[in-house]
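Below, each chain spelled out in residue letters.
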Amino acid sequence: MQEVSSNNSASRNVSFPAVFAGLMVLWPLLALLGAQGMTPLLGLVAIGAVFFRPAAPRPSFLLAAFAILIIWVSASTLWSPALDTPVFSGSLADGNFAIKFSALRLVGIALATGVSIAVLQSSKAYPRHAATLLAGIFGVHLAMLLATPPLLDRGLAMAYETQIEAQRDGMQNVLRFANALALVLPVLLAAVWTRGGWVRNVGVFAIAPAVAVFAFLGSAAAILAVVLTLLFVGLVIVFPRSGFRVIYTGIAVMVMAAPLLGRLAGLFDTLNLNLPLSFQSRVWAWHAVTEKVSERPITGHGLEAASTWRETYLTRPEWLADVVSRGGVEAAWTRYPLIPSHPHNMALEIWAETGLIGAILTATTLIALGFRLPPPAAMSQRLKMGAAGLTGAALAIASVSYSVWNEAFWASLVLVTMALIILARAERA
């Protein structure tokens, strides 16, 4: 009886930060596999959080704005061309009942985030050991990235049967692996910076080789993430009282001004800039999406509508001629879509698929978040640096990489944010 009582007491003493850190051991492996497993990982974290009885969220303007945004995004599914079948189909009796409603993924991420953050904020545990484990996990991720260049070709050859699959699917996963580290790097940098001594020196000097690997892999998003990380950390130092308000208001303005990205194509054509084809095609895609925005500017085309836009470069002979003049293979580019699945800019995609209403709701939520965060001067150094840097890294990736509805990206961002909170609490302790 004494042994049973002791075991029950031990189970009651398990803290949520410890559970979270234990689950995060999967982070480096999931990142290596392309980061798509981050959504189930957040689901496991949320399931674990339920056992700690999360408190109901307090009503706030930020919560209300975010809830309205999710409702509007979900409603846009109903007029999206991507919804080519009924929302409900089949029957339970026949065993083929199905629900096709893409917004459910976003609602699930939102609920998992709310439950997990609520439990973490209410936790009174002393998270020193959890913080040490999390720093070690992110350090392993960094070490894996630094070891990538000499192992890349051999690893892709082992993982994929054909060279085409290795270059297409394999390199895409490698770039996602790099982007995941770009989110981790601000938190890791904040953690080692506040430790001081040789730990700080090693951590700071690790940035340069990490950026070199990003360049080797061709991950412009990850390089931009490092630049914005340093810039945003500088902003909260320069503006110790209003830093986060400045940052998030600025991002909100960028969201509202996103359709101006389409003007870049004409501007670059006027300046006759010889841009790399990969970047030039991105600018042309933004131009094509801006034209779609003008077709339904108020409500947008609906969630994931961009995935149904199949126009190729055959519809733009002037762009195709430009591509061929730069050495592009005409046969390949005639089949290449103007908009490859999504705009590769989240703000512009919000405009295209949820319209002016979605853009206003997104901007309002961002401004509310900026005013809800404490002034940088009231934060610990680790939390201030980590929060600012993570915002910069997330903005960089959101601007050039994933679809705004990519739940794996948002799950990754939530997990890194929770790790930052635990690391910051360990610093205060």
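Structure first, text after, so check above.
About the cut-offs
- Along each chain, residue indices are assigned from 1 in the same order as the chain's sequence is written.
- For a predicted model such as this one, the threshold for reporting local features is a pLDDT of at least 70, and the threshold for listing and counting side-chain atom pairs is 80 or more; totals across whole chains, interfaces and linings nevertheless cover every residue.
- Side-chain figures throughout are based on the complete set of non-hydrogen atoms in the structure, without hydrogens or water.
- Helix and strand labels come from DSSP, where a helix needs a run of H or I of at least four residues and a strand needs a run of E of at least two; each type is numbered from the N terminus.
- Just to be clear, the radius of gyration here is over C-alpha atoms, and the globule rule we use is 2.2 Å times residues to the power 0.38.
- The rule is simple: take the accessible area with a 1.4 Å probe, protein chains only, and divide by the maximum for that residue type; under 20% is buried, over 50% is exposed, in between is partly exposed.
- Working rule for contacts: check all heavy atoms of both residues, and any pair within 4.5 Å makes them a contact.
- Each accessible area is a Shrake-Rupley estimate made with a 1.4 Å probe; only the visible protein chains count as cover when residues are assessed.
- Counting rule applied: Lys, Arg positive; Asp, Glu negative; His and chain ends not counted.
- For this purpose, a charge sits on NZ of Lys, CZ of Arg, CG of Asp or CD of Glu.
- Given the number of residues in a helix, its expected span is that number minus one, multiplied by 1.5 Å.
- Here a cavity denotes a set of grid points, spaced 1 Å apart and computed over the protein atoms alone, in which a 1.4 Å probe fits but from which it cannot get out, and a pocket denotes an open set meeting protein on both sides within 12 Å along at least five of seven lines; residues with an atom within 4 Å of a point are reported as lining.
- Grid points are joined across faces, edges and corners, and a volume is the space filled by probe spheres set on the points.
- Three categories are distinguished: nonpolar for Ala, Val, Leu, Ile, Met, Phe, Trp, Tyr, Cys and Pro, charged for Asp, Glu, Lys and Arg, and polar for the others, with Gly belonging to the last.
- One side-chain nitrogen of Lys or Arg within 4 Å of one carboxyl oxygen of Asp or Glu is enough to make a salt bridge.
- Stacked, tilted and edge-to-face pairs are distinguished by plane angle, under 30 degrees for stacked and over 60 for edge-to-face with tilted covering the rest, among Phe, Tyr and Trp rings (Trp via its six-membered ring) whose centres lie within 6.5 Å.
- Remark: a charge is flagged as sitting over a ring if the NZ atom of Lys or the CZ atom of Arg is within 6 Å of the ring centre and within 35 degrees of the ring normal.
- In this description, a line fitted to the C-alpha atoms serves as the axis of each element, helices being fitted only across the stretch in contact, and the angle between N-to-C directions of two axes falls anywhere from 0 to 180 degrees.
- Put simply, angles under 35 degrees are roughly parallel, angles over 145 are roughly antiparallel, angles from 65 to 115 are roughly perpendicular, and the rest are oblique.

Peer 1: I keep staring at the overall build of the chain and nothing clicks. Help me out?
Peer 2: Within the chain, the secondary structure is distributed over 20 helices and 2 strands. Computed over C-alpha atoms, the radius of gyration of the chain comes to 23 Å, within 12% of the 22 Å expected from 2.2 N^0.38 for 429 residues, which places it in the range of a compact globule. Put simply, the chain has 429 residues, and 47% of those count as buried. Contacts spanning at least 24 positions in sequence make up 80% of the contacts within the chain whose residues lie at least 6 apart. In the structure as shown, the chain presents an accessible area of about 21,200 Å², 66% of it carried by carbon and sulfur atoms. Positive and negative side-chain charges of the chain, numbering 27 and 19 respectively, have mean locations separated by a distance of 18 Å.

Peer 1: For this particular structure, what's the right way to read helix H6 (residues 103-122)?
Peer 2: Structural remark: α-helix, 3.6 residues per turn; residues separated by three or four positions point the same way. Relative to the 28 Å expected for 20 residues at 1.5 Å per residue, H6 spans 29 Å between its end C-alpha atoms, a close match to the ideal helical length. On the buried face of H6, the contacting elements are helix H2 (16-23), helix H4 (38-50), helix H5 (61-76) and helix H20 (407-428).

Peer 1: Just to check I follow, could you spell out the layout of surface pockets for this structure?
Peer 2: The gaps left among the atoms become clear once a water-sized probe is rolled over them. When its volume is computed, the second largest pocket comes out at roughly 1,200 Å³. Going through the elements one at a time, helix H9 (163-195), helix H12 (220-238) and helix H15 (277-295) are the ones with two or more residues in the lining of the second largest pocket. Top contributing element to the lining of the second largest pocket by residue count: H9, with 8 residues. The residue inventory of the lining of the second largest pocket, partitioned by class, reads 14 nonpolar, 14 polar and 5 charged.

Peer 1: For this particular structure, what's the right way to read the pattern of salt bridges?
Peer 2: Oppositely charged side chains can form a pair if their charged atoms are brought close together. In the structure shown here, the tally under the stated rule is 5 salt bridges. Linking Arg105 and Glu304 is a salt bridge whose minimum nitrogen-to-oxygen distance equals 2.9 Å. With Arg105 in helix H6 and Glu304 in the loop between H15 and helix H16 (317-325), this residue pair connects regions lying 199 residues apart in the sequence. Judged by its relative accessible area of 33%, Arg105 falls in the partly exposed class.

Peer 1: Any chance you could explain the environment of Trp193 here in plain terms?
Peer 2: Secondary-structure assignment places Trp193 in helix H9. By relative accessible area, which is 30% here, Trp193 ends up partly exposed. Ignoring sequence-local partners within four residues, the contact set of Trp193 consists of Arg200, Val204, Gln381 and Met385.

Peer 1: Can you walk me through the side chain of Ser123 in this structure?
Peer 2: Locating Ser123 in the fold gives a position in the loop between H6 and helix H7 (128-146). Not counting residues within four places of it along the chain, the set of residues in contact with Ser123 comprises Pro17 and Arg425.

Peer 1: Explain the packing of aromatic side chains to me, please; I cannot follow it from the model alone.
Peer 2: For any pair of aromatic rings, geometry is given as the distance between the ring centres together with the angle between the planes. Inspection of every chain in the model, using the stated rule, returns 11 aromatic pairs. Considering the side-chain rings of Phe16 and Phe52, the 5.7 Å spacing of their centres and the 65° angle between planes classify their relative orientation as edge-to-face. Of this pair, Phe16 sits in helix H2 while Phe52 sits in the loop between H4 and H5, and the two are 36 residues apart along the sequence. A relative accessible area of 31% means that Phe52 is categorised as partly exposed. Aromatic pair Phe409 and Trp410: ring centres 5.0 Å apart, planes at 70°, arrangement edge-to-face. Three or more aromatic residues joined by ring pairs make a cluster, and in this case those are Trp284, Tyr313, Trp319, Trp333 and Tyr336. One residue, Arg316, lies across the ring of Trp319, its end atom 4.5 Å from the ring centre.

Peer 1: Whenever I open this one, the packing of H12 against helix H13 (residues 243-256) confuses me. Can you help?
Peer 2: How two helices pack is summed up by the angle between their axes together with the distance between the axes. Between H12 and H13, the shortest axis-to-axis distance is 7 Å and the interhelical angle comes to 135°. Regarding the angle of H12 to H13, the classification is oblique. Together, Phe232, Leu235 and Val236 of H12 and Gly243, Phe244, Ile247 and Ile251 of H13 make up the contact between the two elements. Looking at the contact of H12 with H13 residue by residue, the classes come out as 6 nonpolar, 1 polar and no charged.

Peer 1: Is there a simple way to explain the side chain of Glu353 in this structure?
Peer 2: Position of Glu353 relative to the elements: it lies in helix H18 (residues 346-372). In this structure Glu353 is buried but unpaired, with Arg105 as the nearest side chain of opposite charge at 9.0 Å. Setting aside residues up to four positions removed in sequence, Glu353 forms contacts with Ser76, Thr299, Gly300, His301, Gly302, Leu303, Glu304, Ala305, Ala306 and Trp405.

Peer 1: I'm lost on empty space enclosed by the protein in this one. Help?
Peer 2: According to the stated counting rule, one finds 2 cavities of 30 Å³ or more in the structure shown. Lining the largest cavity are 13 residues, and of these Ala35, Tyr402, Ala408, Phe409 and Ser412 lie nearest its centre. Listed by contribution, the elements that provide at least two residues to the lining of the largest cavity are H9 and H20. In the lining of the largest cavity, the residues fall into 7 nonpolar, 5 polar and 1 charged. Reported here for the second largest cavity is a volume of approximately 50 Å³. If you go around the second largest cavity, the residues you meet are Ala182, Leu185, Pro186, Leu189, Ile207, Ala225, Val226, Thr229 and Leu230. Counting residues per element, the ones that place at least two in the lining of the second largest cavity are H9 and H12.

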